[in-house]
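Below are the chains, spelled out letter by letter.
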Amino acid sequence: GGEQALKSQMFKLLPKESQLSTLQQVAGEYSDLLKKTEVLLVLLKIFPEKAPTVGLDLYDQLNQKISSNSSTVIDDPYRNILVTKVIEVLAGSQHIFIERHIVRSSGSPMTLKTSHLCQWLECAASYYTSLTAQEVLHGKLHPCAGKTGWEHLHHLFILVGDKCSWNLHHKQIGPSLPPKVRWVGLEKISGYSSRSKPFEAPRGVAIACFYIAVFLFFETAWQYCSNMLWPGEGKPCWAMIEERLVRQHGEEKALKRRRLDDNAHQTYLNFQGCGSTAASQKMVECFLVAMECWDFLQSNITYRGEFTRLCQQWGAFEWAWLSTFRADMSIHKADHTLAVQILQHEWHKVPETERSKPEYLKFLVQTVNCCALYGDIKGACKYASELISFLPTADKKTDIHTSPTSLPPHTNPPAIRQLRMLSCVSEELLPFCIRMIIKTLQDVAFSDPSKEKALGQLVVLLQYKWPKEEETFASVITTIQKRRKFCFPEFFTYVISGFSCLSLFNLSLTPLSLLSPLISENPR
């Protein structure tokens with residue numbers, strides 16, 4: 001209190017040279033780099049002209065300490081003070097200029113380049129992105145996570161942009177603006193169009209556009225994934241799945257050939273049910289903008305290479321939430337094979353004891369969906385059965401089921417594909433698995449007369465929530481009547497009431513009297 005204030009006043013009365021030497025001496029006596037940094041930050045505040053020497057030396061020391069420190073971002077005090085204090089002091093310094101000769105404290109000459117300032121940006125972006133993700137994953141609160149972190153990063157980006165003459169003031173790229181507005185702002189600055197590939201940004205703003213896209217990508221991809229995977233206490237996580245609305249001859253092959261640019265108007269995103277209408281719209285907006293940024297960063301060799309380098313340096317390709325986004329993006333682009341590769345890679349990383357958690361079950365949910373879509377019948381059934389094995393036993397008997405959200409009426413020609421969110425709770429996952437197995441078996445059972453076992457398996461599965469699949473069951477009967485034979489040894493193990501209509505088969509399978517003990521049972 002009073003004693004500290006008195007010392008501060010006495011210090012201010014010292015000549016400037018004495019203040020400088022005193023602070024340098026005190027800093028030199030500390031072996032603890034964090035305490036030394038706090039003293040040197042005071043020095044830089046009083047003597048801002050020392051930023052090119054003392055400030056850059058301090059940056060190097062902290063950066064070297066970070067490289068040898070194995071702590072996670074959220075627990076790393078060196079990274080914290082480097083990004084939140086030191087880099088901001090350097091970026092805002094009126095005494096640091098690019099392409100100007102300076103002499104370091106060691107006496108060695110140096111010319112500060114744009115690439116050095118880009119390293120500051122990348123260090124800060126890695127910190128704020130990782131910090132935000134780890135805050136949610138580990139339940140730790142940090143004042144620089146989330147929206148505050150994105151704002152700090154944008155402020156730093158503007159400071160660096162001023163030094164690099166990027167002239168980004170008054171551009172619509174700030175974190176307070178909606179993601180779509182910021183994406184349009186990037187398009188205007190860069191002149192980018194998804195239809196003009198390969199793309200080259202104007203030379204004067206090419207670097208700036210790269211970092212705008214990187215920061216906007218990570219922010220919107222994270223906002224989308226966090227709302228989908230961790231929507232809040234008591235709320236289920238969601239899995240994006242695809243439902244075909246129109247089946248046309250050769251559609252499977254056509255969808256694999258089409259690019260997103262040619263096909264976007266035929267894909268409908270239905271996120272209804274994911275919170276309020278505003279929340280659902282925000283999820284859609286973040287998802288679409290993140291995809292636009294991803295495509296932008298893949299639009300030429302330089303951007304693609306630099307973005308890959310950043311992700312590898314940060315270990316971003318191992319972030320489960322980012323893999324979730326990449327899988328969903330692949331599903332949106334109808335690249336189901338790539339989606340399965342990503343999903344299975346993540347699933348195999350999940351410890352056995354954690355696999356029943358909804359945020360991990362979604363990997364299996366989407367794998368089942370994708371396998372069914374690209375015709376891997378065996379894989380779809382295999383993964384659906386595996387998914388069912390992780391559902392709580394009590395919930396497998398529940399009659400609670402939330403029907404898929406229906407598609408709103410279209411004034412335009414209907415979309416070929418609908419992407420919707422499936423709630424990862426047992427009462428939705430079990431009907432989903434049964435439905436997917438039925439659909440995959442239908443293609444086999446109705447198209448190949450030799451696959452009698454598939455017909456028998458259909459008869460068994462169609463009992464689920466009878467008479468919901470009554471029409472499909474009628475198609476099975478018609479198929480058996482046409483083929484005039486039906487061999488399924490496991491049939492009587494599973495026959496229950498509701499199928500006394502076996503007489504419609506008009507086949508000499510077995511006397512119906514043998515079924516009488518079963519006919520009195522209630523359908524399940």
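It should be emphasised that the depicted structure is a prediction, and the values quoted were computed from it without experimental measurement.

*Asks:* I keep staring at the overall build of the protein and nothing clicks. Help me out?
*Replies:* A tally of regular secondary structure across the protein gives 22 helices and five strands. A total of 524 residues make up the protein; the buried ones form 48% of that total. Partitioning the contacts of the protein with sequence separation of at least 6, the portion at a separation of at least 24 is 68%. Of the roughly 26,100 Å² of accessible surface on the protein, 53% is carried by carbon and sulfur atoms.

*Asks:* Explanation requested: helix H16 (residues 358-373) in the structure shown.
*Replies:* For an α-helix the count is 3.6 residues per turn, leaving residues at separations of three or four pointing the same way. The terminal C-alpha atoms of H16, which comprises 16 residues, lie 22 Å apart, in line with the 22 Å expected from a rise of 1.5 Å per residue. The buried fraction of H16 is high, at 12 of 16 residues.

*Asks:* Sorry, what's going on with the confidence of the model for the protein here?
*Replies:* If pLDDT is low for a region, its predicted coordinates should not be looked at in detail. Put simply, the protein has an average pLDDT of 80, and 79% of its residues get 70 or more. For the stretch residues 395-413, pLDDT sits under 50, and the model shows 28 contacts to residues farther than four places along the chain or on other chains. Overall, residues 496-524 carries pLDDT values under 50, and its contacts beyond four positions in sequence, including any with other chains, amount to 42 contacts.

*Asks:* In this structure, what is going on with the nonpolar core? I would like to understand it.
*Replies:* Where a protein is soluble and globular, its nonpolar side chains tend to be buried together. The biggest cluster of nonpolar side chains holds 156 residues, and the ones touching the most others in it are Phe 157, Phe 217, Phe 218 and Tyr 224. Here this core takes 17 residues from helix H9 (residues 206-229), the largest share from any one element. Among all residues touching Phe 157, those that are not within four sequence positions of it are Leu 121, Trp 166, Leu 168, Ile 173, Ala 208, Tyr 211, Ile 212 and Phe 215.

*Asks:* Looking at this structure, how should I read the pattern of salt bridges?
*Replies:* Side-chain pairs of opposite charge can arise where the charged atoms are in close proximity. A full pass over the atoms with the stated rule returns 13 salt bridges. With its nearest N and O atoms 2.9 Å apart, the salt bridge here joins Glu 219 to Arg 182. Placement of the pair is Glu 219 in helix H9 and Arg 182 in helix H8 (residues 179-190), with a sequence separation of 37 residues. Here Glu 219 matches Arg 182 in class, with each residue buried. Put simply, Asp 57, Asp 60 and Arg 104 are held in one network by salt bridges that share partners.

*Asks:* Can you help me understand empty space enclosed by the protein in this one?
*Replies:* Empty space among the atoms becomes apparent when a probe as large as a water molecule is rolled across them. Tallying each qualifying case throughout the model produces four cavities of 30 Å³ or more. Taken as a whole, the largest cavity holds about 140 Å³ of empty space. Lining the largest cavity are Trp 150, Leu 153, His 154, Phe 157, Ile 173, Pro 175, Arg 182, Ile 212, Phe 215, Leu 216 and Glu 219. Broken down by class, the residue content of the lining of the largest cavity amounts to eight nonpolar, one polar and two charged.

*Asks:* Quick question: what am I supposed to make of the pairing of strand S5 (residues 417-423) here?
*Replies:* Looking down a regular strand, the side chains alternate between one sheet face and the other. Summarising burial for S5: seven of the seven residues are buried, a large majority. Along S5, one buried face is formed by Arg 417, Leu 419, Met 421 and Ser 423 and the opposite face, lined by Gln 418, Arg 420 and Leu 422, is buried too. Note that strand S4 (residues 267-270) and S5 share four bridges and pair parallel. Each residue of the ladder has a partner; that of Tyr 268, found in S5, is Gln 418.

*Asks:* Would you take a moment to explain the packing of aromatic side chains for this structure?
*Replies:* Aromatic ring pairs are reported here in terms of the distance separating the ring centres and the angle at which the planes meet. Across all of its chains, the model carries 29 aromatic pairs by this definition. Here Tyr 211 and Phe 215 contribute two aromatic rings whose centre-to-centre distance is 5.9 Å and whose plane-to-plane angle is 35 degrees, an arrangement assigned as tilted. With a gap of four residues between them, Tyr 211 and Phe 215 both fall in helix H9, about one helical turn apart. Measuring from centroid to centroid gives 5.4 Å for Phe 218 and Trp 314, while their planes differ by 45 degrees, and the two rings are tilted. On the criterion of sequence distance, the pair formed by Phe 218 in helix H9 and Trp 314 in helix H13 (residues 301-314) is long-range, its members being 96 residues apart. The exposure class of Phe 218 is buried, given its relative accessible area of 1%. Judged by its relative accessible area of 13%, Trp 314 is buried.

*Asks:* Help me understand the packing of helix H5 (residues 77-92) against helix H7 (residues 147-163) in this model?
*Replies:* How two helices pack is summed up by the angle between their axes together with the distance between the axes. Where H5 contacts H7, the two axes come as close as 9 Å, and the packing angle between them is 30 degrees. Classed by the angle they form, the pair H5 and H7 counts as roughly parallel. Seen along the crossing, H5 lies across H7 with a hand that is left-handed. Between H5, through Ile 87, Glu 88, Leu 90, Ala 91 and Gly 92, and H7, the contact on the second element is made entirely by His 152, His 155, Leu 156, Leu 159, Val 160 and Lys 163. Across the contact of H5 with H7, the residue classes tally to six nonpolar, three polar and two charged.

*Asks:* What exactly am I supposed to notice about the packing of H8 against H9 here?
*Replies:* The N-to-C vectors of H8 and H9 enclose an angle of 165 degrees; their axes lie 10 Å apart at closest approach. As far as their axial angle goes, H9 and H8 are roughly antiparallel. Crossing angle aside, the handedness with which H8 passes H9 is left-handed. Contacts between H8 and H9 involve Pro 179, Arg 182, Trp 183, Leu 186, Ile 189 and Ser 190 from the former and Cys 209, Ile 212, Ala 213, Leu 216, Glu 219 and Thr 220 from the latter.

Conventions used here
- Residues numbered from 1 in each chain as written.
- Predicted model: local features only at pLDDT ≥ 70, side-chain atom pairs only at ≥ 80, totals over all residues.
- Heavy atoms only, no water.
- Helix = DSSP H or I, 4+ residues; strand = E, 2+ residues; numbered from the N terminus.
- Buried < 20%, exposed > 50% of the residue type's maximum accessible area, 1.4 Å probe, protein only.
- Contact = heavy atoms within 4.5 Å.
- Areas by Shrake-Rupley, 256 points an atom, 1.4 Å probe, with all protein chains shown as cover.
- Expected span 1.5 Å × (residues − 1).
- pLDDT = per-residue confidence, 0-100.
- Core = buried A, V, L, I, M, F, W, Y, C linked by side-chain atoms within 4.5 Å.
- Salt bridge = Lys/Arg side-chain N within 4 Å of Asp/Glu carboxyl O.
- 1 Å grid on protein atoms, 1.4 Å probe; cavity = no way out; pocket = protein on both sides within 12 Å on 5 of 7 lines; lining within 4 Å.
- Points joined across faces, edges and corners; volume = space filled by probe spheres on them.
- Nonpolar A, V, L, I, M, F, W, Y, C, P; charged D, E, K, R; others polar.
- Pairing = 2+ DSSP bridges.
- Phe/Tyr/Trp six-rings, centres within 6.5 Å; stacked < 30°, edge-to-face > 60°.
- Axes fitted to C-alpha atoms, helices over the stretch in contact; angles between N-to-C directions.
- Parallel < 35°, antiparallel > 145°, perpendicular 65-115°, else oblique.
- Left-handed = near helix turned anticlockwise from the far one by under 90°.

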